[in-house]
Amino acid sequence: MNKLTIKDINLKGKRVIVRVDFNVPLDDHLKITDDRRIQASLPTIQYILGQKARKVILMSHLGRPDGQAINDMRLRPVAQRLQELLGERVLRLEDCIGDTVQKAIDTSSERVILLENLRFHKEEIKNDPNFAHQLALLADIYVNDAFGTAHRAHASTEGITKYLPSVAGFLLETEITYLGKAIQNPPKPFVVILGGAKVSDKILLIENLIPKANAIIIGGGMAYTFLKAQGKKIGNSICENDKVDLARELMVKAKAAGVQVALTEDFLIVESFDKPQGRKIVKEIPDGWEAVDIGPQTRASYKKVLATAKTVVWNGPMGVFEINEFAEGTKEIAQYLATLKGVTTIIGGGDSAAAITKFGLERAMTHISTGGGASLEFLEGKELPGIVALRDKEGLVAR
Ligand code: AMP
């Protein structure tokens with residue numbers, strides 16, 4: 001990676017402000033239902049403390065408060081959980097900028113401080129320079145460890161870097177290393193699995209990967225737009241009619257580039273989502289029926305393609321995996337990936353990551369991205385503002 005990380009600079013005696021992603025899911029009683037995002041930040045926090053930094057000041061957003069201080073979106077539950085995980089006291093503040101915040105940091109005995117939800121200030125999302133400067137005044141060094149928001153130029157991801165030496169934390173470094181390798185220099189054969197609901201979300205991704213991939217597997221809801229482009233009957237399956245021509249063009253481009261495209265060959269169909277008991281496997285989708293998962297023949301074909309791979313990137317589920325009766329295709333492909341030896345398996349964030357978690361296969365994958373939108377944009381080949389803004393390692397050119 002060509003960006004400086006916390007390992008490259010002297011942190012001793014410094015006040016270090018870290019952008020983390022503590023946007024955790026909360027239930028109706030404001031209890032955290034999944035603390036993995038907090039756990040994922042621990043290596044960076046512990047390393048900074050181990051280097052004898054004076055203070056670690058953590059900042060994050062939670063939910064979408066739209067510039068208002070909303071009680072249910074306060075970071076109180078996060079502070080409590082972080083304290084338990086770290087085994088040391090965490091000072092939680094009621095705001096993220098201003099004199100009171102500054103004074104509390106200067107006079108606190110705690111080494112770890114958690115600022116209040118950044119998005120209580122509308123200036124955060126607007127990347128307001130004054131707001132970014134106020135955040136910067138709290139510290140000597142800035143660390144970005146929030147990959148999930150790195151594709152947004154916000155005050156805490158981009159604006160602040162104009163005022164402080166800015167480096168990557170371990171979580172960000174891992175994301176850049178794995179995703180970067182996948183798009184720049186993947187061990188070949190390189191196979192991309194694409195799924196999910198819409199073609200329109202993945203067009204740039206497909207275009208960027210065609211010159212790099214050896215094979216592209218297309219499943220999930222987006223497959224039906226491609227199948228329609230091939231003249232197949234798709235019944236009531238999800239389809240973007242205005243993208244049918246584009247799907248055809250993408251297949252032509254892939255063929256011209258010598259990239260194998262594997263499409264769905266058989267289908268799990270239902271008459272409606274709420275009648276899973278009437279589901280059946282077919283090779284041709286009759287009128288009035290909707291395909292919700294890939295069938296067994298397709299799974300076998302996809303596995304044959306995957307068996308040749310040295311690198312796999314997966315973005316988007318193979319079916320409506322949230323409903324157990326429609327999750328088999330996604331599950332079988334995930335389980336197969338888990339058995340592959342000597343293969344780098346990279347799971348794009350969002351729904352694909354949720355599927356891997358649902359099947360308990362997290363540990364079997366090489367890397368599961370923590371950012372849905374961010375990983376998609378990275379794999380599309382875009383420069384993410386939160387990464388670009390960090391300092392380059394000397395002598396290297398920015399990505
Ligand atoms: P995306 O966010 O584009 O990755 O899409 C993920 C969503 O696609 C999930 O919520 C799936 O339920 C949905 N999906 C996958 N396959 C299908 C399908 N055959 N029909 C309708 N939705 C699907």
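By convention here, each chain's residues receive numbers from 1 onward along its written sequence. In keeping with the model being predicted, local features are shown solely for residues with a pLDDT of at least 70 and side-chain atom pairs are shown and tallied solely at 80 or more, while totals for entire chains, interfaces and linings include all residues. Derived side-chain values reflect all non-hydrogen atoms in the structure, with water molecules and hydrogen atoms excluded from consideration.

**Regarding the overall build of the protein**
- What the protein contains, in helices and strands, is 14 helices and 15 strands.
- Whereas a compact globule of 399 residues would reach a radius of gyration of roughly 21 Å, the protein reaches 23 Å, a difference of no more than 12%.
- Considered along the principal axes of its C-alpha atoms, the protein spans approximately 70 × 50 × 40 Å.
- Partly exposed residues are those whose accessible area sits between 20% and 50% of the maximum for their type, while under 20% is buried and over 50% is exposed, using a 1.4 Å probe and protein chains only. Counting over 399 residues, the protein shows a buried share of 53%.
- Any two residues whose heavy atoms approach within 4.5 Å at even a single point are treated as in contact. A sequence separation of at least 24 residues applies to 72% of the contacts in the protein between residues at least 6 apart.
- Between the averaged position of the 53 positive side-chain charges in the protein and that of its 49 negative side-chain charges there is a distance of 5 Å. Helix numbering and strand numbering both begin at the N terminus, where a helix is a DSSP run of H or I of at least 4 residues and a strand a DSSP run of E of at least 2. It is over C-alpha atoms that the radius of gyration is taken, and the globule rule equals 2.2 Å times the number of residues to the power 0.38. His is not counted, nor are the chain ends; Lys and Arg add positive charge and Asp and Glu add negative charge. To locate a charge, take NZ of a lysine, CZ of an arginine, CG of an aspartate or CD of a glutamate.

**Side note on the sheet that holds strand E2 (residues 55-59)**
- What makes two strands pair is DSSP finding at least two bridges between them. Spatially, six strands are ordered E3-E4-E2-E1-E5-E6 in an open sheet, and the strand pairing comes out parallel. At either margin of the open sheet sits one strand with a lone partner, and together these are strand E3 (90-92) and strand E6 (166-168). With direction set aside, neighbouring strand axes in the sheet form an average angle of 25 degrees.
- Here three bridges tie strand E5 (residues 141-144) to E6, and the two strands are oriented parallel to one another. Bridging across to E6, Tyr142 finds its partner in Ser166.
- Angles here are taken between N-to-C directions and fall from 0 to 180 degrees, while the axes themselves are lines fitted to C-alpha atoms, restricted in helices to the stretch in contact. Strand contacts of helix H1 (residues 36-50): strand E1 (15-19), E2, strand E4 (112-114) and E5, with the helix running at about 160 degrees to E2, the strand carrying the most contacts.

**Some remarks on the site of the ligand**
- Working definition: residue near molecule or strand if any one of its non-hydrogen atoms lies within 4 Å of it. Taken together, 17 residues sit near the ligand, with Ala197, Gly221, Ala291, Glu322 and Asp351 positioned nearest.
- At 2.9 Å from an oxygen atom of the ligand is found a main-chain nitrogen or oxygen belonging to Ala197.
- Polar contact is defined as a pair of N or O atoms within 3.5 Å, subject to the rule that within protein one atom must be able to donate a hydrogen and the other to accept it, and that residues adjacent in sequence are counted only when both atoms are side-chain atoms. Gly221 has a polar backbone atom sitting 3.1 Å from a nitrogen atom of the ligand.

**Considerations on helix H9 (residues 244-256)**
- The length a helix should cover is 1.5 Å for every residue beyond the first. With 13 residues, H9 should cover 18 Å at 1.5 Å per step; its first-to-last C-alpha distance of 19 Å lies within 8% of that length.
- Along H9, the residues classified as buried are Val244, Ala247, Leu250, Met251 and Ala254. The arc that holds the buried residues of H9, viewed along the axis, is 115 degrees, so those residues lie on one side. Exposed and oriented more than 90 degrees from the buried face of H9 are Val252 and Ala256.
- Looking at the buried positions of H9, the neighbouring elements they touch are helix H7 (203-209), helix H8 (223-229) and strand E9 (260-263). Note that the arc is computed from the directions linking the helix axis to the C-beta atoms.

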